[in-house]
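Chain and residue survey
What follows is the residue order along each chain.
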Amino acid sequence: MTSDQLPATTEAPIEIQRTGVSLRAYWQLLRKNRNLRRLWMAQIVSEIGDWFYSLAIYTLLLQMTGRASAVALALCLQVLPSTLIGPTAGVVNDRISRKKVMITADLVRMVVVFAMLLVRSRSTIWLVYPLLLLETVMFAFFEPARSAVIPNITSREEVILANTLSSTTWSVNLVLGAAIGGAVAALLGRDAVFVLNAASFLASALLIRGMKFEEPHAADSRPLQILDLVDYSMMIEGFRYVRQRPRLLATVLVKAGLFAIGPGWILFTVMGERYFPVRWHGIDAQRGAMLGMSLLMAARGVGALVGPLLSAPWAGHRQSRLRIAILCGFIAEACGYIGFGAAGSVWVACAWIMLAHSGGSSVWVYSTTLLQLNTDDRFRGRVFAADNGLGMLTIGIGAWIAGVLIDWGWAPPFVAMAAGASMFLSAMLWAWSLWRTRAPAPLAEAAD
């Protein structure tokens, strides 16, 4: 094991300052690192397909049922199973090849999305829910594996670059997927969207199959047995590992503070249809609502793109600054959703959404980076399964609450402002954790 692969096992922050965060650095990283390049390309094709798909699913449910809670239930089924299956996914990812886990998850999701073609009328709308559930279970295995392999295919000083690149790509994919997906669905129909998304999962699996890297956690483990999936000893071991490291524990809980993301999905759907439909010549009301929703979603992607790009050069590889950037991100998301609720036009709404998700993206990227830098490889799958599961839990709860409140007659703009206000609580809790786990700055940073 080289010095670049050594995990941080102490509470003192490890500051890495050798590689700047810039567009040139991203290009050099992709050019030189074949494994990361293939993982990045897999992310592009699958995520653009995902945004096509989500847009089609949400508008399908809203138009066929007329209820915001139907969309909320769909979103819950896309996120909550990650919490329930998370412990098992963590054990699997810490026992077998994470590359094989990702390939299998992609292939199963390809079949699931193809099966969405069977949903043809109100009588078959129920099929959406079990299919979304199965797809989410596969995501719960895939995402911790993807996060966990990044330190295996990059050096320590490249981790922040890889995560910022991933976030930037996610944001661009959202912009492209939402904007182009709305147009494709409006012009070609939902079936074309489902076929394109299924094909994207196949392309992702083929790209990941071409990656070649060492997985020491799998080499040192005995073969996984069926009974291991219900053996909680590894889960308990992972819990103890995190509990003994206060800073790591606080960071695992960060994504659970992004409560407003869940209500956001419901609000983009409902407000895109009721408050901000696009009225172009020749576009009917149904398609105008879909385009309005796609504008709000695209604004989220632009914000998520801008956030890490602006703050990463300042934060660099200093873990203390990454923690401060997380605090600022929570505050930006709070202000953004409050402004979104008060917006009087689609363009003002988009501006506030960009502010909100520039903060939310920074929170997501920097908490992931801190976990990668401070977690031993043999625990990484379980840590990221917990991180992902807790985040999905609060997102799902937030979505469900927002959907129910809107169906009870609450005005969607008021729900948006309430979601934003809740983010101030997350900011205060993170500030408290920073104070409780503060440590003396190292000499190199004190000199700054």
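Residues numbered from 1 in each chain as written. Predicted model: local features only at pLDDT ≥ 70, side-chain atom pairs only at ≥ 80, totals over all residues. Heavy atoms only, no water.

**Considerations on the packing of helix α11 (residues 261-274) against helix α13 (residues 319-342)**
Contact geometry for α11 and α13: axes closest at 12 Å, N-to-C directions at 25 degrees. Judged by the inter-axis angle, α11 sits roughly parallel to α13. The hand of the α11/α13 crossing is left-handed. Across from Ile 261, Gly 264, Leu 267, Phe 268 and Met 271 in α11, the residues of α13 making contact are Glu 333, Tyr 337 and Phe 340. (Axes fitted to C-alpha atoms, helices over the stretch in contact; angles between N-to-C directions. Helix = DSSP H or I, 4+ residues; strand = E, 2+ residues; numbered from the N terminus. Parallel < 35°, antiparallel > 145°, perpendicular 65-115°, else oblique. Left-handed = near helix turned anticlockwise from the far one by under 90°. Contact = heavy atoms within 4.5 Å.)

**Details of the packing of helix α14 (residues 346-373) against helix α15 (residues 380-407)**
Put simply, α14 and α15 touch, their axes get as near as 10 Å, and they point 155 degrees apart. Comparing their axes, α15 and α14 come out roughly antiparallel. Of the two possible hands of crossing, α14 and α15 adopt the one that is right-handed. Residue-level inspection shows Trp 364, Thr 368, Leu 371 and Gln 372 of α14 in contact with α15, the latter providing Arg 380, Val 383, Phe 384, Asp 387, Met 392 and Ile 395. Across the contact of α14 with α15, the residue classes break down as six nonpolar, two polar and two charged. (Nonpolar A, V, L, I, M, F, W, Y, C, P; charged D, E, K, R; others polar.)

**Overview of the side chain of Asn 35**
Mapped onto the elements, Asn 35 comes out in helix α2 (residues 34-65). Look past the residues within four positions of Asn 35 in its chain and what remains in contact with it is Ile 153, Met 211, Lys 212 and Phe 213.

**Regarding the pattern of salt bridges**
Where charged atoms from two side chains of opposite charge come close, those side chains can pair. Within this structure, the stated rule accounts for four salt bridges. Among the ionic pairs, Arg 109 bridges to Asp 106, the shortest N-O distance being 2.9 Å. Residue Arg 109 and its partner Asp 106 are located together in helix α4 (residues 98-115), separated by three residues, close to a single helical turn. In terms of burial, Arg 109 and Asp 106 fall into one category: buried. (Salt bridge = Lys/Arg side-chain N within 4 Å of Asp/Glu carboxyl O. Buried < 20%, exposed > 50% of the residue type's maximum accessible area, 1.4 Å probe, protein only.)

**Some thoughts on the packing of aromatic side chains**
In the structure shown here, the tally under the stated rule is four aromatic pairs. Judged by centre distance (6.2 Å) and plane angle (80 degrees), the ring pair of Tyr 337 and Phe 340 falls under edge-to-face. Taken together, the residues Tyr 337 and Phe 340, both in helix α13 and three residues apart, mark about one turn of the helix. Above the face of the Phe 142 ring, Arg 109 is positioned so that its terminal group lies 4.7 Å from the ring centre. The positively charged end of Lys 255 is found above the aromatic ring belonging to Trp 364, 5.1 Å away from the centroid. (Phe/Tyr/Trp six-rings, centres within 6.5 Å; stacked < 30°, edge-to-face > 60°. Lys NZ or Arg CZ within 6 Å of the ring centre and 35° of its normal.)

**Remarks on a nonpolar patch on the surface**
A surface patch of nonpolar side chains, amounting to about 470 Å² of accessible area, comprises Ile 331, Phe 424, Leu 425, Met 428 and Leu 429. When residues in the nonpolar patch are grouped by element, the largest group, four residues, is from helix α16 (residues 412-436). (Patch = residues over 30% accessible without salt bridge, like charges linked within 9 Å, V, L, I, M, F, W, Y side chains within 5 Å. Areas by Shrake-Rupley, 256 points an atom, 1.4 Å probe, with all protein chains shown as cover.)

**Here we look at α14**
In this model α14 runs 40 Å from its N-terminal to its C-terminal C-alpha over 28 residues, within 8% of the 40 Å that 1.5 Å per residue would give. With 21 of 28 residues buried, α14 lies mostly within the body of the structure. (Expected span 1.5 Å × (residues − 1).)

**Let's talk about the side chain of Ser 426**
Checked against the element boundaries, Ser 426 lands in helix α16. Exposure remark for Ser 426: the relative accessible area of 12% places this residue in the buried category. The contacts of Ser 426, once residues within four sequence positions are left out, are Gly 257 and Phe 330.

**Topic: the confidence of the model for the protein**
Residues at a pLDDT of 70 or more form 81% of the protein, whose mean pLDDT is 79. Scored below 50 in pLDDT, residues 1-19 shows 45 contacts in the model against residues more than four places distant or in partner chains. Residue range residues 440-448 is modelled with pLDDT below 50. Its contacts to residues more than four positions away, or to other chains, number seven contacts. (pLDDT = per-residue confidence, 0-100.)

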